[in-house]
Amino acid sequence: GFIEGDNPGSSPNLFDGNLNTNHTMTDCRGQFSEWTEGTWFRIDLGATFFIDEMFIYSMRPDEGTLGFTVAGTGPGHTVNFSDGTPTTGATSISPVPETVDYTEVFTHEHPNRDRLLYLRYLFKARKARYVLFHGTTCRSWGVTKWGEMQFFSPGYPAQVALQSAFIDLGQEAGDERPKVIKALHWDAELPPDTQMQLRSRSGNTLSEVYTFHNKIGEEITEEKWNSSPKVLRGAVDTSLVVGEDWGAWSNVYQFSGETFQSDSPRRFVLLEMILSSEDPAVAPTVYSVSIEFEQALVQGAHGSVVPREAMPNEDTRFTYTLWPQTDGLDSGFDRLRFTVPEPVDLQSVEVIVGNENLIPTAVGMQADSLLIDLPQAIAGDSLQVSFTTRLLRNATVIALDLGSSESPGLWQSVEPAERRANVVLLPDLPNNETLIEDLVVAQALFTPNGDGINDWLDISFVVLKMSTPDARVEIFDLAGRRVARLAPTATDDRLSFTWTGRAEDGALVPPGTYLCRIDLGAAQGEDSSLRAIAVAY
């Protein structure tokens, strides 16, 4: 790709391998301005290369088909490279569109004065995606004509971005239907100093874009094409682009076999692969990339949770409504997996399919997942699941996946029926200064004498408004001396600690009253608490 200033012309001719098609530079029109006017052009090499040599072939008078108006190599120029690293500034060099940093490679003053026609520059290899050529002056160019410009790389490219065509999973399977996309796999060799980055996009629809041309092949607007006589109309090209239901590019996949990160189920997939190397002598090698997918349980599913707001750390009854979409050929689902960050009261779970209550065959919690098994497969009926839990984090996402007992390990995600339809807010939480709640010290009197009764002290509490609390739980005597610092035994949203009545040196503490101090180390808010403890034998 090329962008030119006012007076250079036909920069692509420098790279077409034909000396009879030339690039011209003439004196500036008007006042010289460093970038927006003057003698300059920008080259996009299309990938990032290690460049260590540049060559310019300047035409002699009457050489080839160029005629007599040739003015040598010009009054001087500066060559700048950019590897595409984003600039720390707010704008790019106008009117160059890329917001990237450029560094000067060299400046050659007065090549005409040196009576040079062929310019060969050697320099230490450096990465270049964009080349910015700029004349040191916009005068004394006359009519300068160059035949070719060449860049040389000592080895493999530094970075290449590859993008797949649209991958039609419905066509691959022969049924034209969306698929549950499970994972991406690849087989690659990545020597030291090399890297492969893989991202994905997915969607169910493709859109058509039309490009109109006149009779001589020039691109014109649709309006002009329609208003032209038929004999002046040229071809109309059709291109496929992503539809409105496509999401953005995913994060980079970290390992082969990683769970698919884009929306699923979907029919179409796009993959982008970036191969890079910090050493021109080595390069990554990719042998294969594959998409693991299965038949969708239903064609689509959307859900929503109510209420959308709750009080922090208070029992709240939520109802999640699911609307599946099916064409009658789907097998349906009989398993539900909710992501709920806090434990759910399993006795509170109720399921309604259509307008009828349905008794689950199994209900349980595994980590942050509420698992519900249904006695029958559901395909087209709406479904409501109600349960009671308490939330500690603002903007908690309650997500749902659909599964099938016939396909263990297959989970189909449910999309929000509308933006943030699966998000619950805790509006009172930001104004709540208390960070420690539900502090339980059981029991306040304990006897660590080894008889198996009240031999240890359990301390637990809930932390609000802190995603990764670093709680310090310490035991002090009444003189203020620290006796012990406790290590956590559980680090979920409810933190748990245990004291066995021993000091830091391992000896049992003498009977008496001690103080348990909790400190979260927060920058603001009520982040500490103090409780008295009695030790007896």
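For the structure, check the block above.
Residues numbered from 1 in each chain as written. Predicted model: local features only at pLDDT ≥ 70, side-chain atom pairs only at ≥ 80, totals over all residues. Heavy atoms only, no water.

Novice: What should I look at first to understand the nonpolar core in this one?
Specialist: The tendency in soluble globular proteins is for nonpolar side chains to be buried as a group. Core analysis: the biggest nonpolar cluster contains 38 residues, and L336, F338, F387 and L402 have the highest contact counts within it. Elements with a contribution of two residues or more to this core: β19 (300–306), β20 (316–325), β21 (333–339), β22 (345–353), β25 (369–378), β26 (383–389) and β28 (399–403). For this core, the element with the most residues is β25, which contributes four residues. Setting aside chain neighbours within four positions, we find L402 in contact with L297, V298, A301, L322, F333, R335, L336, L410, W411, Q412 and V414. In terms of nonpolar packing, the next biggest core, distinct from the first, is built from 25 residues, L435, I436, F446 and L457 among them. (Core = buried A, V, L, I, M, F, W, Y, C linked by side-chain atoms within 4.5 Å. Buried < 20%, exposed > 50% of the residue type's maximum accessible area, 1.4 Å probe, protein only. Helix = DSSP H or I, 4+ residues; strand = E, 2+ residues; numbered from the N terminus. Contact = heavy atoms within 4.5 Å.)

Novice: Looking at this structure, how should I read the pairing of strand β17 (residues 268–277)?
Specialist: Among the 10 residues that make up β17, 10 are buried, leaving the element largely enclosed by the rest of the structure. Burial along β17 is two-sided: F268, L270, E272, I274 and S276 and V269, L271, M273, L275 and S277, pointing in opposite directions, are all buried. Two strands pair when backbone bridges link them, and strand β9 (residues 159–163) and β17 are joined in this way by five bridges, in the antiparallel orientation. Of the residues in β17, the one forming a bridge with Q163 is E272. Bridge count for strand β10 (residues 167–168) against β17 is two bridges, and the pairing is antiparallel. Its bridge partner lying in β17, D168 is registered against F268. Of the strand pairs in this sheet, strand β12 (residues 194–203) and β17 are connected by 10 bridges, and their pairing is antiparallel. Pairing of T194 across the sheet is with S277, part of β17. (Pairing = 2+ DSSP bridges.)

Novice: I tried to follow the packing of aromatic side chains on my own but got confused; where do I start?
Specialist: Within this structure, the stated rule accounts for 17 aromatic pairs. Each ring, one from F81 and one from F151, has its centre 6.3 Å from the other, and the planes form 65°; the classification is edge-to-face. With F81 in strand β5 (residues 76–82) and F151 in strand β8 (residues 143–152), the pair connects residues that are 70 residues apart, well separated along the chain. Overall, the relative accessible area of 2% leaves F81 in the buried class. What makes F151 buried here is its relative accessible area of 18%. An aromatic cluster of three or more residues is present, and its members are F2, F15, F81, F106, Y121, F123 and F151. Directly above the aromatic system of W249 lies the positively charged group of R201, at a separation of 5.7 Å from the ring centroid. (Phe/Tyr/Trp six-rings, centres within 6.5 Å; stacked < 30°, edge-to-face > 60°. Lys NZ or Arg CZ within 6 Å of the ring centre and 35° of its normal.)

Novice: Would you mind going over the sheet that holds strand β15 (residues 233–242) with me for this structure?
Specialist: In space, the three strands of this open sheet follow the order β14-β13-β15, with antiparallel pairing throughout. This sheet does not close on itself; its edge strands, each paired only once, are β14 (219–220) and β15. Inspection of the sheet shows strand β13 (residues 206–214) paired to β15 by eight bridges, in the antiparallel sense. Bridging from a neighbouring strand, T211 pairs with D237 of β15.

Novice: Would you explain the pattern of salt bridges in this entry?
Specialist: Side chains carrying opposite charge are able to pair once their charged atoms draw close together. Tallied over the entire structure, the rule returns 25 salt bridges. For E272, the salt bridge identified is with R199, shortest N-O distance 2.8 Å. Pair noted here: E272 is in strand β17 and R199 is in strand β12, with a separation of 73 residues, a long-range link. R317 is the salt-bridge partner of E350, the closest N and O atoms lying 3.6 Å from each other. You can see E350 sitting in strand β22 and its partner R317 sitting in strand β20, a full 33 residues away along the chain. If you follow the salt bridges from partner to partner, you end up with R472, E474, R482 and E504 in one network. (Salt bridge = Lys/Arg side-chain N within 4 Å of Asp/Glu carboxyl O.)

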